[in-house]
Amino acid sequence: MATTDQDDQLVTPWEVTAASQKGVDYDKLIKKFGSTKIEDSLIERIARLTGKPANHLMRRGIIFSHRDVGLILDAYEKGKPFFLYTGRGPSSEAMHLGHLIPFVFTKYLQDVFDVPLVIQMTDDEKFLWKDMSVEEARRLASENAKDIIAFGFDKEKTFIFSDMDYIGSSPDFYKTILRVEKCVTVNQVKGIFGFNDSDCIGKISFPAIQAAPSFSCSFPQIFGGKKDIACLIPCAIDQDPYFRMTRDVAPRLGYPKPALLHSTFLPALQGAMTKMSASEASTSIYLTDSAEDIRDKINKYAYSGGQSTVEEHRRVGGNVDVDVSYQYLTFFLEDDEKLAKIEKDYSSGAMLTGDLKKELISVVQQVVAEHQQRRQQVTEQMVQEFMTPRKLKYSY
Ligand code: TRP
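So, how was this worked out
- Residues numbered from 1 in each chain as written.
- Predicted model: local features only at pLDDT ≥ 70, side-chain atom pairs only at ≥ 80, totals over all residues.
- Heavy atoms only, no water.
- Salt bridge = Lys/Arg side-chain N within 4 Å of Asp/Glu carboxyl O.
- Helix = DSSP H or I, 4+ residues; strand = E, 2+ residues; numbered from the N terminus.
- Buried < 20%, exposed > 50% of the residue type's maximum accessible area, 1.4 Å probe, protein only.
- Polar contact = N/O pair within 3.5 Å; in protein donor to acceptor, adjacent residues only side chain to side chain.
- Phe/Tyr/Trp six-rings, centres within 6.5 Å; stacked < 30°, edge-to-face > 60°.
- Lys NZ or Arg CZ within 6 Å of the ring centre and 35° of its normal.
- Core = buried A, V, L, I, M, F, W, Y, C linked by side-chain atoms within 4.5 Å.
- Contact = heavy atoms within 4.5 Å.
- Pairing = 2+ DSSP bridges.
- Axes fitted to C-alpha atoms, helices over the stretch in contact; angles between N-to-C directions.

Caption draft 1: Just the pattern of salt bridges, in detail. On inspection of all chains with the given rule, the structure shows 27 salt bridges. Measuring nitrogen to oxygen at the nearest pair gives 2.8 Å for the salt bridge that ties Arg59 to Asp336. Highlighted residues: Arg59 in helix H3 (residues 56-59) and Asp336 in helix H17 (residues 336-348), separated in sequence by 277 residues. Under the relative-accessibility criterion, Arg59 is labelled partly exposed at 39%. Asp336 sits in the partly exposed class, given a relative accessible area of 38%. Arg244 is the partner of Asp240 in a salt bridge, and the nearest nitrogen-oxygen pair spans 2.7 Å. One end of the pair is Asp240 and the other is Arg244, both in helix H13 (residues 240-253) and four residues apart, which spans about a single turn. Look at Asp240 and you get buried, because its relative accessible area is 0%. Members of the salt-bridge network, linked through shared partners, are Glu143, Lys146, Asp147, Arg375 and Glu380.

Right, here's the structure in full:
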């Protein structure tokens, strides 16, 4: 597997560790990956073009890096179409708060740009990487699809697919995968992903399967066989290696390179040294947790940037850079004024850790309760409909 660099942080699709409680140094990561930092001018341009206020995740630097988004906006300005592509590896029954972020952002993009969205459920990937049967991985894909539908995507604009099913039913998807597979050598995937000779051959070829949905020819039912519709991929930064590979092969296949928007990670409850992980219950708040679970986990585990005694806290103030509760509020509390006041009061020592946690608990309880209500309304029939290959409301 890939090694940590000199600065001791590691970001791969499988592992995220940072060297300090402040979390991953994202500026360093931009340099290492060769992506581009999102400047205010880009955020303003998106707000201007869409006529809608910029999303809080962009304004707060949670969506922090990109590749070629300017080109997508140039095309959009000229009335040329593009589509969105994102995905989810269904590794567990319950998704957690960290999984919500890229989807909340993707939904915003779909709403303001009014474009088609394809969502890849990589049940094949989870079968290959985890101790899981194909049947179980396929089942989890449908279970997670319910959560994704509950995020509010529009059925007329969204196609969700399981790799296992869609590869089996779509010759065009498989042909696109084959074209990518032929362009990438074992040496290259070893270099990009750190695979070694003991990894099963399924892992070696999987990156082509994650690459293929970037190309519109994978979805003839949506794009009428056009192979040149531009693609924008919102994803967490750990997925970037897949798309560096994709962008590398695209010109050789005569396809446009996909553009990317990268998000940071939601820190683990215990602190920003690592990200929230579905397999570690005490680091995570699941979308299935009860209001009491949420209260108890935040009170018990959320890493505090406060001081050890009330007297000292009042004197020195809390450190919002490492305080997990404050960090979470930047993701989930959309009210800018309220957030600014919390930052000021906590930093000055006027607000204590207990009060900050109380704020967070009520915000998260509301986010999760609303999600649970929407998920209850999602029927098997709706999952079927979203997952049926079909034309969406757009014509090409
Ligand atoms: N590999 C991703 C995961 O494990 C799933 C995924 C597939 C994805 N295609 C994507 C994520 C495109 C973001 C964008 O979760």
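Having put the structure on the table, let's press on.
Caption draft 2: Structural view of the side chain of Arg247. Here Arg247 is to be found in helix H13. Side chain to side chain, Arg247 and Asp68 meet in a polar contact 3.1 Å long.

Caption draft 3: Examining the packing of aromatic side chains more closely. Applying the stated criterion across every chain, the model contains 31 aromatic pairs. Consider the rings of Tyr85 and Phe243, whose centres lie 6.0 Å apart with planes at 90 degrees: the pair is edge-to-face. Pair noted here: Tyr85 is in strand S5 (residues 82-88) and Phe243 is in helix H13, with a separation of 158 residues, a long-range link. Of the two residues, Tyr85 and Phe243, both sit in the buried class. Put simply, the rings of Phe83, Phe159, Phe161, Tyr166, Phe173, Phe219, Phe223 and Tyr396 touch in pairs and so form one group of aromatic residues. Here the basic side chain of Arg244 rests over the ring of Phe33, its NZ or CZ set 4.5 Å away from the ring centre.

Caption draft 4: Spatial organisation of unusual backbone geometry. For Asp68, which is not glycine, the phi torsion reads 60 degrees and is therefore positive. As for its placement among the helices and strands, Asp68 is situated in the loop between strand S4 (63-67) and helix H4 (69-77). Residue Asp68 is classed as partly exposed on the basis of its relative accessible area of 28%. With a phi close to 55 degrees, Asp114 is a non-glycine residue in the positive phi region. With respect to the element layout, Asp114 can be found in the loop between helix H5 (97-113) and strand S6 (117-121).

Caption draft 5: Examining the nonpolar core more closely. Core analysis: the largest hydrophobic core is formed by 70 residues, its most contacted members being Leu97, Ile148, Ile160, Leu232, Leu261, Ile298 and Phe332. Residue contributions to this core peak at nine residues, all from H5. The contacts of Leu97, once residues within four sequence positions are left out, are Leu266, Met276, Ile285, Leu287, Phe332, Val364 and Val368. Residues Val118, Phe161, Phe193 and Cys217 belong to the second largest nonpolar core, which totals 40 residues.

Caption draft 6: Seen up close, the sheet that holds S6. Strand order in the open sheet formed by seven strands is S3-S4-S9-S8-S5-S6-S7, and the pairing between neighbours is mixed. The sheet is open, and its two borders are formed by strand S3 (36-37) and strand S7 (158-162), each paired with just one other strand. One ladder, built from four bridges, connects S4 with strand S9 (residues 259-263); its direction is antiparallel. By the bridge assignment for S9, Ser65 is matched with His262. Against the sheet, helix H1 (residues 26-33) contacts S3 and S4, and its axis sits at roughly 10 degrees relative to S4.

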